[in-house]
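# Tertiary structure, described
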Amino acid sequence: SSDRGIKYDREQSLEIAKKYIKKMIPDRYELLEYRENYTGFRPLKEQRNYNVGFIRKYDAAYVERDGVTINVDATTGNIDEYRLNWTDREFSSQGNVIPIDKAYDILYEDIGLELKYIKPSIDEERNDDKEAVLAYGLKTDKPSIIDANEGTILDSSGEIYEEPGIGS
């Protein structure tokens with residue numbers, strides 16, 4: 001048959017991953033949230049494995065780079081890979097955040113959108129001759145990270161972003 005031994009679909013693989021997390025780190029299971037990962041995702045007719053990701057959540061906020069990724073073999077139901085990232089750190093209070101509308105204003109007015117062509121991913125089998133797609137995307141000359149308390153733009157290290165001067 002064309003399924004080449006595939007016995008588990010996406011939902012079954014997700015359930016296998018959840019069960020594995022409950023077994024490995026039961027005290028942290030409730031602190032994780034399943035996240036669809038669209039980056040680089042390409043649905044295939046015959047999915048031979050599923051990479052399932054869970055992100056850590058602390059109260060109402062997600063903890064970037066903390067969580068669990070599990071690779072489930074769709075032919076056997078076995079776990080091929082299990083990766084846990086969980087840092088011990090202090091978290092600032094969530095009691096004084098700016099309203100989301102204010103964050104949107106900063107995003108659109110201070111960071112902005114730009115018109116750009118998005119090139120389809122290139123691989124050996126398809127898309128190498130596909131037309132580029134015209135889209136609006138976030139400008140990339142500034143970071144798109146906004147301090148939730150102050151409304152300032154932050155760099156990737158969490159410091160206030162300062163625009164480089166001429167000659168920087």
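Above this text sits the structure in question.
All of the points below concern the structure found in this document.

Calculation criteria
- Residues numbered from 1 in each chain as written.
- Predicted model: local features only at pLDDT ≥ 70, side-chain atom pairs only at ≥ 80, totals over all residues.
- Heavy atoms only, no water.
- Helix = DSSP H or I, 4+ residues; strand = E, 2+ residues; numbered from the N terminus.
- Expected span 1.5 Å × (residues − 1).
- Buried < 20%, exposed > 50% of the residue type's maximum accessible area, 1.4 Å probe, protein only.
- Arc of directions from axis to C-beta.
- Contact = heavy atoms within 4.5 Å.
- Polar contact = N/O pair within 3.5 Å; in protein donor to acceptor, adjacent residues only side chain to side chain.
- Core = buried A, V, L, I, M, F, W, Y, C linked by side-chain atoms within 4.5 Å.
- Pairing = 2+ DSSP bridges.
- Axes fitted to C-alpha atoms, helices over the stretch in contact; angles between N-to-C directions.
- Patch = residues over 30% accessible without salt bridge, like charges linked within 9 Å, V, L, I, M, F, W, Y side chains within 5 Å.
- Areas by Shrake-Rupley, 256 points an atom, 1.4 Å probe, with all protein chains shown as cover.
- Salt bridge = Lys/Arg side-chain N within 4 Å of Asp/Glu carboxyl O.
- Lys, Arg positive; Asp, Glu negative; His and termini not counted.
- Charge placed at Lys NZ, Arg CZ, Asp CG, Glu CD.
- Phe/Tyr/Trp six-rings, centres within 6.5 Å; stacked < 30°, edge-to-face > 60°.

## Some details on helix α1 (residues 10-24)
For α1, built from 15 residues, the straight-helix expectation of 21 Å at 1.5 Å per residue is met to within 8% by its first-to-last C-alpha distance of 21 Å. Those residues of α1 lying buried are Ser13, Leu14, Ala17 and Ile21. Down the axis of α1, the sector holding all buried residues measures 100°, keeping them to one side. Turned more than 90 degrees away from the buried face of α1, the exposed residues are Glu11, Lys19 and Lys23. Among the structural elements, β1 (32-35), β2 (49-58) and β3 (61-73) are those in contact with the buried residues of α1. The opening residue of α1, the one whose side-chain oxygen lies 3.2 Å from the backbone nitrogen of glutamate 11, is aspartate 9.

## Re the nonpolar core
Of all hydrophobic cores here, the largest spans 15 residues; its most connected members are Ala17, Ile21, Leu32, Val52, Phe54, Val68 and Ile70. The set of elements that each furnish at least two residues to this core consists of α1, β2 and β3. Setting aside its immediate chain neighbours within four residues, phenylalanine 54 contacts Leu14, Ala17, Lys18, Ile21, Leu32, Glu33, Tyr34, Arg35, Asp66, Gly67 and Val68. Core analysis: the next-biggest nonpolar cluster, separate from the first, contains 6 residues, Ala103, Ile106, Ile111 and Ile153 among them.

## Looking at the sheet that holds β3
The strands making up a sheet associate through hydrogen bonds between their backbones, and the pairing can be parallel or antiparallel. Taken together, the 4 strands give an open sheet; going across it, the order is β1-β2-β3-β4, and neighbouring strands pair in antiparallel fashion. If you trace the sheet from one side to the other, it starts and ends with β1 and β4 (79-85), each paired once. Within the sheet, the average angular offset between the axes of one strand and its neighbour, ignoring direction, is 25°. Examined bridge by bridge, β1 and β2 share 4 bridges and lie antiparallel to one another.

## A closer look at a negative patch on the surface
Taken together, the side chains of Asp101, Asp105, Glu109 and Asp110 present a region of like negative charge at the surface. Of note, aspartate 110 is situated in helix α2 (residues 100-111). Assessed through its relative accessible area of 38%, aspartate 110 is described here as partly exposed.

## Topic: the packing of aromatic side chains
Scanning the entire structure with this criterion turns up 4 aromatic pairs. Geometrically, the ring pair formed by tyrosine 104 and tyrosine 108 is stacked, given 6.3 Å between the ring centres and 15° between the ring planes. Linking tyrosine 104 with tyrosine 108, this pair stays in helix α2, spanning 4 residues, or about one helical turn.

## Looking at the pairing of β4
As judged from the 6 bridges shared by β3 and β4, these two strands associate in the antiparallel manner. Paired with glycine 67 across the bridge in β4 is asparagine 85.

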